[in-house]
Amino acid sequence: MDGETVGGRSAMAGSGLLRPDPAPGLAIVVMGVSGCGKSTVAAMLADALGCGFVEADDHHSHANKEKMSRGVPLTDEDRLPWLESLRDAIRIRLGHGEDVVVSCSALRLKYREVLRQGDGAYKPGSYAACRVKFVCLEASTEVIAERVRRRAAEGGHFMPASLVRSQLDLLEINAAEGITVVDATLPAHAIVEATIAQFRDELASTAC
Ligand SMILES: Nc1ncnc2c1ncn2[C@@H]1O[C@H](COP(=O)(O)OP(=O)(O)O)[C@@H](O)[C@H]1O
Ligand SMILES: O=C(O)[C@H](O)[C@@H](O)[C@H](O)[C@H](O)COP(=O)(O)O
């Protein structure tokens, strides 16, 4: 039987039963410099929530990956289509009322503003109301450099250790944005648990 909306709630026509609107879904972007652990944490978080996972590295053009592998930082022009592709992926999930976890460096406010537009109702600057939230993993330069060096030496990633400096130089966090900053040296499962606890009331997902 078709439902109808009554006073912001769905009613089963004829049955008299009121059903709350479905939760609108939440996007959690795990952000930070290369090597901070965002892919590791984001994949575990999506798994725990039973929701979709968007890995930003999978949205880079071949040209972007090739440039970074040569040790050349991306320009904002290189980043824009990448960020827009991630914004669109977020918008699709939120449009379906689903949660989604995204792993993306999102180092600057202007990059995060593109991702926030994944919430079609987002008004620039209304950070608290936005359905796109950010969790930033932070660690010392030494810890980050060691992780990236080890990962590159194992041959599993295009990002060279030489780009760590430019990543750290770009990272900006503005207090007004309300970004959750987490110690990236904590065990990944502890970061996942703390993140779920923080956003529990806003998540559509009940699978954790
Ligand atoms: N919480 C953690 N504690 C210790 N090592 C970690 C942690 N998270 C990730 N790592 C390791 O650090 C390296 C970089 O992690 P990765 O998830 O690829 O980072 P990013 O996606 O931010 O570049 C990997 O070798 C990974 O196994
Ligand atoms: O795992 C990593 O090392 C990062 O995710 C990396 O692959 C990311 O794609 C770059 O950070 C490019 O973007 P920025 O130059 O904007 O950080």
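Going by what an unreviewed UniProt entry lists, the protein chain is known as Gluconokinase and is assigned to Hordeum vulgare subsp. vulgare. For the protein chain, the Pathway (unreviewed entry) comment in UniProt is given as "Carbohydrate acid metabolism; D-gluconate degradation." One UniProt comment on the protein chain, placed under Sequence similarities (unreviewed entry), says "Belongs to the gluconokinase GntK/GntV family."

Attention now moves to the site of ligand 1. The full set close to ligand 1 counts 15 residues, and G37, K38, S39, T40 and R147 are the nearest of them. At the level of secondary structure, the elements contributing two or more residues to the shell around ligand 1 comprise helix 1 (38-49) and helix 5 (141-153). Split into classes, the residues belonging to the shell around ligand 1 amount to 4 nonpolar, 7 polar and 4 charged.

By size, the foremost hydrophobic cluster in this structure holds 47 residues, and its most contacted members are V29, V30, L45, V101 and V102. Those elements that provide at least two residues to this core are strand 4 (27-31), helix 1, helix 3 (76-95), strand 6 (100-103), helix 4 (109-116), strand 7 (132-138), helix 5 and helix 7 (188-199). Looking at this core, the element that brings in the most residues is helix 1, giving 6 residues.

Below, the discussion takes up the packing of helix 3 against helix 4. Contact geometry for helix 3 and helix 4: axes closest at 7 Å, N-to-C directions at 35°. The residues of helix 4 that touch helix 3, namely those facing R79, L83, E84, L86, R87 and I90, are Y111, V114 and L115. Class assignment of the residues belonging to the contact of helix 3 with helix 4 gives a composition of 6 nonpolar, no polar and 3 charged.

Rules used in this analysis
- Residues numbered from 1 in each chain as written.
- Chains lettered and ligands numbered in written order.
- Predicted model: local features only at pLDDT ≥ 70, side-chain atom pairs only at ≥ 80, totals over all residues.
- UniProt positions renumbered as here; feature names shortened; annotations may be inferred.
- Near = placed C-beta within 6 Å.
- Helix = DSSP H or I, 4+ residues; strand = E, 2+ residues; numbered from the N terminus.
- Nonpolar A, V, L, I, M, F, W, Y, C, P; charged D, E, K, R; others polar.
- Core = buried A, V, L, I, M, F, W, Y, C linked by C-beta atoms within 7 Å.
- Buried ≥ 20, exposed ≤ 12 C-beta atoms within 10 Å, placed from the backbone.
- Axes fitted to C-alpha atoms, helices over the stretch in contact; angles between N-to-C directions.
- Contact = placed C-beta atoms within 7 Å.

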